Every structure is written in C-alpha cells, then in structure tokens.
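The chain contents come next:
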Amino acid sequence: MPHFSDELYRKTFHHTSAHILAHAVKRLYPSVKLAIGPAIEDGFYYDFDHDDTFSPEDLIKIEDEMQQIVKEKIPLERFELSRQEARALMDEKGETYKIELIDDLPDDTIISFYRQGDFVDLCSGPHLASTEPVKAFKLTHTAGAYWRGNEKNKMLQRIYGVSFPDKKQLKIYLEQLEEARKRDHNKLGRELGFFTTTEYIGQGLPIMLPKGARVLQQLQRFVEDEEEKRGYQLTKTPLMAKSDLYKISGHWYHYRDGMFILGDQEQADTEEVLALRPMTCPFQFQAYLTRTRSYRDLPIRYAETSTLFRNEASGEMHGLIRLRQFTISEGHIICAPEHLESEFKDSLDLASFMLKSIGLDEDISYRFSTWDPNNREKFIGAAEQWDLAQNAMQGILKDLSIPYKVGFGEAAFYGPKLDIQIKNVFGKEDTLITIQIDFQLAERFQMTYIDRDGSKQHPMIIHRTSIGCYERTLALLIEKYSGALPLWMASEHARLLPIAERHFDDAQKLADQMRQAGLRVTVDDRNEKIGKKIREGQMDKLQYMFILGDREVTENSLSVRSRLDGDLGSLSVDSVVERLKREIDEKRVR
RNA sequence: GCCGCUGUGGCUCAGAGGUAGAGCAGCUCACUCGUAAUGAGCAGGUCGUGAGUUCGAUUCUCACCAGCGGCUCCA
C-alpha cells in the first residue's frame, strides 16, 4: 500500500478527491458543466460552469454528498476512446469544455476517461482504485477563475478542497493553517504596528509606521553599506520621466498597463507627458550616458534604494507583498562581455549573503525565466540575442550547480531572469530576488564604450536586486519570525520595565545611557503592575525586557528577560549592554 | 479588472426594519506593586461612503471605497 507521504500517491489521492467533488456536484446540480480539476500542493480544486454561485451552505451540501460517494466505495475504471468516440461521449453529456480540451490534445495522445459509477470524466490519470480511501476532506473556499486562465474567457467557479487518508491528518492540517494565519504578515504586521493602510490613501499604498519604518531603515543601511563595500556607486534618480524615456526603453509599448501616466490619458500618445517610473533601469542608463566610457571604466555598478510605481489591477494588491508603490534595492551592472559571468556570480553571491544575513536563505528555490519565441509581442529583440543571453545564464547556473525550474515565457521583456523564489507562511510562492541579463537596452539607449581596439561596443547589462523589495522582504521576515525580528533589525532592542514609580527616574537615566551606547531602548513608565508590563512586552514580541526594582538600583544591575533564552537573572548594566551590542554586531539571526 | 465573501467606537466581536452593546485599549482616581492582564469610574460610534425602497434603514436594494480568498500578472 503506497504511503501518503509519497508524492505521486498523494497527487493521485488528491486528483481522485477532485473527481469525487465533481461527481458530488453533478449529482446535486446536473446542469453544471465541468472544466478542469487537478491536484495541487495541499489538495485539489475543480472548476465548474454554474449559473448560480456556490454558497457556503452549498459547500456543506456538496461535502455531505462527497461523504456519501466515499461511503459507496465506488471503483474507478479507466477506459480509452478514439477522438471521435470521446467527442461523441462528451457531446452527449453536454460537456462543452471537455470537447474543447479533447480538440486541443495532440494527435498521438491516448484519450482516456475515468468512470466512477454514473460519473465519467476525461482524465489522463492515474487514479485510486476506489473512492474509499478518501476518508477525510474539507472544501476550503471558492474562487472565480477564468477558463484556461485567460481573462477574455468566461469566469468559472472554482471550489478548493483538501483531503487526507484519515481525520487526524486533516485536523493537523487545519491546525497548521490556523497557526499560519497567526503569522500572516498582513494581520500580524498591522496588529504589531509595523504598517497600516487607510482608504483615504488607497490600495497598495501602505503607511510604514515607526516600527516598520525603523526596520526598513536598518535593512537599507545594511544593504547600502554592503553594496558600497562591493564596489557599487550610488545614484539618486527622479521618480518620474517624460514618456520619451520609456519609448526608448520599450516600457511605453511593453509595460504601459503597469505604469501610472500623469495628465490626460487621451493625449498621452501625442503630447509629451510624464509617467511615474515602474523600473529604474532607464534612469541609471542616463547616468551612464553622461560621458564617453572606456573599457577601463567597466564594469560600472550602480545601486539605488529605488521607489517604484506600478499600476497593479485593483484585485491584485496584497499586504506588503503586492503594492502600487514599493522600494527596491535596485542596481544595474554595465559591463563588457568578459565580465558577464563573474558579475552575474557576484550578484548572486550578494543576494545569497543578504538572504543569509536576514535568515531567509532557507525555503528558497530558483527559477530560470525564459522568453517565449511564439509570443513576440511581449518581448523585444532578436531570437539570436535571446539565445545568447539565455545560454549565458544557463551556463552560469550549470557552473554553479544551482538547481532550477524553468519559467517558460516569464522573462522580462528585455531579457531572461534568474528569480529566487520563496514561500510565504501559507506556502504561496513569490519572487524575492531577481537577476536579469539584458542584451537589448544598451543598444536602444545607444550606450557604448570604447574598446581596446578603439571600436565602439555596446555593453551588457545585469539588472539585479540584492535584498529584493524592502516591503516584501519585511513581510516575509514578519512571517518567518512571527513578528519577533532578529535584534539587529528590530525597531526596539529592549524595554526597561521599572517596578514602581520611584524607579522611573533611574529607568529613564539608564535608558538614556543605553541609547548613548547605540541601543534602541524604551521605558514602560506607566503605573501598571510588572506582570502586565511583561505580558504586553511579550505580546509586542520584544527580544529583551529589563526589570528594574529596588534590588537592581542598589546593585546597578538589571533583571534580564530574553525572548529566546528566558530569564537570565540579574546582570550588570555594562554586561547587558555588551551582550546586546555583540548580538547586534554579529547580526545574529535565530 | 473579473468572481466570491466581508466592512458596527483605536482593536476583537455581539445585535436588530423603529435611530446600538461587550471585552481590550484610552482617560481619571485609588493601589506603589518583583516576572504573561489590580480595582473603580469616565469618555468614545451620524453602524465604510453615496443614492434608492420605506412612514422610518445602520439593518433591504444598487453603486462606489476599502479588506480578505482566488484568477491573471509580478518585486
């Protein structure tokens, strides 16, 4: 008997669960048309074309029907049909979406179906032998989904579910989901006062509150200092530019939907208008173009903590993950072909160093995003240039033995990308870092350098980020550490908790002293019991709390409570300062 | 943008076709306290915004705004 921990078995299990879902829906709502219903990471979904909407009550009814189908222990039988027979069968059942799928199958495909009782579905399989093992499941939520993921097509109704061989595993899963909800940066980050949003400012435009802003400042300082050490030059470029600039770069034609164009939209094509920048590249290219460059000048590494604006669709914004305004650790390396490999590797090394320093180096994966030669609208440049860029990148990845999956057609419009992907607390994947090779834009901007032989050459460009987008990185940090960020980046290193009013002055003096030593220390001088101050400090996710009462004042000491190490007892003020400073300087993450 | 759900004082949430409650937070007072919530009192909301239905709506309808889950896209 295969085990649920086996990926293929699990997938099969989930896939059969999807069929059980569809079977139940067809029993309850015979007029519903079936679209697709695959297994996904933790479960399955099925897309239906249904005239009414599935309400939460409907989901309960469907679950009950699914229970019944499992109880009936219906066997699943595979059978194959010719294309014509398959079409006829689906036509008879009115399954128009299935017919479309059949018509799109390549000629040599074996067209298979699975029958479970009175339910038949086009499916390549494999499936469980019977509905019986699907003992525990839950329909978790519904969502709209376009047929074939294309917004021009009809929107279908998707039902998501999870399933397990027994109730205990389902219970554990649901509990884990509950735990994940508590870490959700969008909830926790607001609760803890990292950021907020207001309807008067708008979607995707967060206000970083003092706590969040301080963290971002620490990260930014760290990034900028490290980049300076690694030979980057800083630029500070405008947040907007004339449309002319974007016409040269190609953004005007390939990224326009994502741009905020100022002024009269109607006249934007004929009049000169300004647009907020969605990327920094063309701006830093202008910096390069200020003088004639020699091969001796290369590589030039420009870095900038760069605020960008992208007009995301209104339904797309999410917490600090997807924003309309965000700040990225941007950079462009303008180099000669012989530098490409080492500069790319250095960029990757810098990104890896950053992720390690903030503790996000685990749970990452690599994606090599290529162009799609059949979608020329989306990309600029000649096929040979793409091949050149992609081969270069692929060679480097192979050289570094970096395992990657391919994101076909997901390149930037000007070049292939290496994306470092990370999963959030709910297992959803997002891009944290991207490093891109660009053989196109230098030519468009007529960027050149004088080579050894006196000839003019176009440089190559690496677009890269070192720590990604600050807001998104913060979101992942909040989730990773449940809001208790590593000391070096925390907005509040420690809080002094005086026991009674007579200790307030001493606490303030001590806090001043510690601030002079470079620690971010506050004092809780409310007239509250020490138990309450500790409780609130704990809920604020403080790494350190210092308790100050008669004993400590006499001894010039502090009672230290560490979030990670517990009660450390009474320590001298000097040794406490020493301890925290060391932890900060070492940028300890845990 | 599209589909679905949601929107009550700073936060978490009750509530009902006849113009609203609780806990926490806040403020005041008392207590001056030793490792996860001291007690009492006070104050705070035109129930997201606008329009419609109705004798009357915060409760019903519609639109808009915002939040959540997805689709598509992406840092």
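Please read these numbers as outputs of a predicted model, since none were measured by experiment.

Caption draft 1: Region of interest: the protein's contact with RNA strand B. Near RNA strand B, the surroundings consist of 54 residues, among which Tyr146, Asn186, Thr431, Arg535 and Glu552 are the closest. If you look at RNA strand B and keep only atoms within 4 Å of the protein, 49% of those are sugar or phosphate atoms. Separating a base nitrogen of RNA strand B from a side-chain N or O atom of Glu312 is a distance of 3.2 Å. Taking Lys417, its side chain carries an N or O atom lying 2.5 Å from a phosphate oxygen of RNA strand B. Secondary-structure elements contributing two or more residues to the surface near RNA strand B are β6 (136-146), β7 (155-164), β18 (429-438), α16 (530-539), α17 (550-555) and β25 (557-562).

Caption draft 2: The arrangement of the nonpolar core in detail. If you look at the biggest cluster of nonpolar residues, it comprises 72 residues, and the most contacted ones within it are Leu219, Ile358, Leu496, Met514, Phe546 and Leu558. It is helix α11 (residues 340-357) that contributes the most residues to this core, seven residues altogether. Mapping this core onto the domain boundaries places at least three of its residues in each of domain 2 (190-480) and domain 3 (487-585). Here Phe546 is in contact with Ala494, Arg495, Leu496, Leu497, Met514, Leu558, Ser559, Val560, Val576 and Leu580, once residues within four sequence places are set aside.

Caption draft 3: Inspection of the packing of helix α3 (residues 83-92) against helix α4 (residues 96-104) at higher detail. At a minimum axis distance of 9 Å, the contact between α3 and α4 shows a crossing angle of 165°. One way to sum up the angle between α3 and α4 is to call them roughly antiparallel. Every pair of crossing elements has a handedness; the one defined by α3 and α4 is left-handed. The segment α3 lies against α4, with Arg83, Ala86, Arg87, Met90 and Asp91 engaging Lys98, Ile99, Ile102 and Asp103. Here the residues of the contact of α3 with α4 are counted per class, giving four nonpolar, no polar and five charged.

Caption draft 4: Fine view of the pairing of strand β5 (residues 119-122). With burial as the criterion, each face of β5 is covered, one bearing Phe119 and Asp121 and the other bearing Val120 and Leu122. Once strand β4 (residues 111-116) ends, the chain turns through two residues before running back antiparallel as β5, passing Gly117 with a positive phi of about 60°.

Caption draft 5: Representation of a nonpolar patch on the surface. Residues Met240, Leu262 and Leu274 make up a contiguous nonpolar surface patch of roughly 220 Å² in combined accessible area. By the element assignment, Leu274 lies in strand β12 (residues 274-276).

Caption draft 6: Layout of the confidence of the model for chain A. With 100% of its residues at a pLDDT of 70 or more, chain A has an overall mean of 91. Model confidence for chain A, summarised as mean pLDDT per element, is weakest for helix α5 (residues 167-183) at 87 and strongest for strand β19 (residues 449-450) at 97.

Caption draft 7: Just the domain arrangement of chain A, in detail. Looking at chain A, the domain boundaries give domain 1 (7-173), domain 2 (190-480) and domain 3 (487-585). Taken over C-alpha atoms, the centre of domain 2 sits 41 Å from the centre of domain 3. Listed by partner, the interface residues are ten residues for domain 2 and seven residues for domain 3. Summing both partners gives a buried area of about 750 Å² for domain 2 against domain 3, and 69% of it is carried by carbon and sulfur. The largest contributions to the domain 2 side of the interface with domain 3 come from Leu192, Lys211 and Gln218, which together make up 50% of the buried area. One can count zero salt bridges joining domain 2 with domain 3. The tally of links from domain 2 across to domain 3 stands at one residue pair in polar contact (both at pLDDT 80 or more). No other element matches the six residues that helix α7 (residues 210-229) contributes to the side of domain 2 that touches domain 3.

Caption draft 8: Main features of the sheet that holds strand β22 (residues 494-498). If you walk across this open sheet you meet the five strands as β23-β22-β24-β25-β26, and the pairing is mixed. The sheet terminates laterally at β23 (521-523) and β26 (566-572), the two strands that pair on one side only. Direction aside, the axes of adjacent strands within the sheet are offset by 25° on average. With respect to the sheet, α16 is in contact with β22, β24 (544-548) and β25, its orientation differing from that of β22 by roughly 170°. Set on the sheet, helix α18 (residues 573-585) makes contact with β22, β24, β25 and β26; between it and β26 the angle comes to about 125°.

Caption draft 9: Up close: the pattern of salt bridges. For the structure shown, the criterion picks out 46 salt bridges. Across the pair Glu100 and Arg148 runs a salt bridge whose closest N-O atoms are separated by 3.9 Å. Separated by 48 residues along the polypeptide, Glu100 in helix α4 and Arg148 in the loop between β6 and β7 bring together distant segments of the chain. Residue class for Glu100 comes out partly exposed when judged on its relative accessible area of 34%. Put simply, Glu429 and Lys405 hold a salt bridge, and the shortest N to O gap is 3.2 Å.

Caption draft 10: Highlighting the pairing of β24. Among the five residues of β24, five are classified as buried, and the element is accordingly described as predominantly covered. Covered by surrounding structure in β24 are Tyr544, Phe546 and Leu548 together with Met545 and Ile547, the residues of both alternating faces. As paired elements, β22 and β24 share five bridges and run parallel to each other. Pairing of Leu497 across the sheet is with Ile547, part of β24. Here four bridges tie β24 to β25, and the two strands are oriented antiparallel to one another. The residue bridging Tyr544 from the neighbouring strand is Ser562, located in β25.

Caption draft 11: Spatial organisation of the packing of α7 against helix α14 (residues 470-480). Where α7 meets α14, the closest approach of the two axes is 10 Å, and the angle between their N-to-C directions is 115°. The angle between α7 and α14 falls in the class roughly perpendicular. Pair α7 / α14 crosses with right-handed handedness. Contact residues: Gly212, Val215, Leu216, Leu219, Gln220 and Val223 in α7; Tyr470, Leu474 and Leu477 in α14. Residue composition of the contact of α7 with α14, grouped by class: seven nonpolar, two polar and no charged.

Caption draft 12: Layout of the packing of aromatic side chains. For the structure on display, the rule yields 20 aromatic pairs. Seen in terms of ring centroids, Tyr45 and Tyr160 are 5.4 Å apart; in terms of plane orientation they differ by 55°. Their pairing is tilted. Of the two residues, Tyr45 sits in strand β2 (residues 43-49) while Tyr160 sits in strand β7, which places them 115 residues apart along the sequence. On the basis of relative accessible area, Tyr45 is assigned to the buried category, the value being 11%. Members of the aromatic cluster, connected to one another through ring pairs, are Phe4, Tyr9, Phe13, Phe164 and Tyr173. Here the guanidinium or amino end of Arg293 rests over the ring plane of Tyr288, the centre of that ring lying 5.1 Å away.

Caption draft 13: Here's a closer look at the sheet that holds β5. Within the open sheet, the three strands sit side by side as β3-β4-β5. Their pairing is antiparallel. Every interior strand has two partners, whereas the edge strands, β3 (76-81) and β5, have only one. Across the sheet, the axes of successive neighbouring strands diverge by a mean angle of 25°, strand direction being ignored. Where β3 lies against β4, six bridges are found, and the strand directions are antiparallel. Residue pairing in the sheet places Leu81 in a bridge with Ile111 of β4. Running over the sheet, helix α1 (residues 7-28) touches β3, β4 and β5 and is turned about 130° from β5. Its contacts with the sheet put α4 on β4 and β5, and the angle it makes with β5 is roughly 35°.

Here is what the cut-offs are and how they apply
- Residues numbered from 1 in each chain as written.
- Chains lettered and ligands numbered in written order.
- Predicted model: local features only at pLDDT ≥ 70, side-chain atom pairs only at ≥ 80, totals over all residues.
- Heavy atoms only, no water.
- Near = heavy atom within 4 Å.
- Polar contact = N/O pair within 3.5 Å; in protein donor to acceptor, adjacent residues only side chain to side chain.
- Helix = DSSP H or I, 4+ residues; strand = E, 2+ residues; numbered from the N terminus.
- Core = buried A, V, L, I, M, F, W, Y, C linked by side-chain atoms within 4.5 Å.
- Buried < 20%, exposed > 50% of the residue type's maximum accessible area, 1.4 Å probe, protein only.
- Domains from an automatic or database assignment.
- Contact = heavy atoms within 4.5 Å.
- Axes fitted to C-alpha atoms, helices over the stretch in contact; angles between N-to-C directions.
- Parallel < 35°, antiparallel > 145°, perpendicular 65-115°, else oblique.
- Left-handed = near helix turned anticlockwise from the far one by under 90°.
- Nonpolar A, V, L, I, M, F, W, Y, C, P; charged D, E, K, R; others polar.
- Pairing = 2+ DSSP bridges.
- Patch = residues over 30% accessible without salt bridge, like charges linked within 9 Å, V, L, I, M, F, W, Y side chains within 5 Å.
- Areas by Shrake-Rupley, 256 points an atom, 1.4 Å probe, with all protein chains shown as cover.
- Salt bridge = Lys/Arg side-chain N within 4 Å of Asp/Glu carboxyl O.
- pLDDT = per-residue confidence, 0-100.
- Buried area = accessible area lost by both parts, 1.4 Å probe.
- Phe/Tyr/Trp six-rings, centres within 6.5 Å; stacked < 30°, edge-to-face > 60°.
- Lys NZ or Arg CZ within 6 Å of the ring centre and 35° of its normal.

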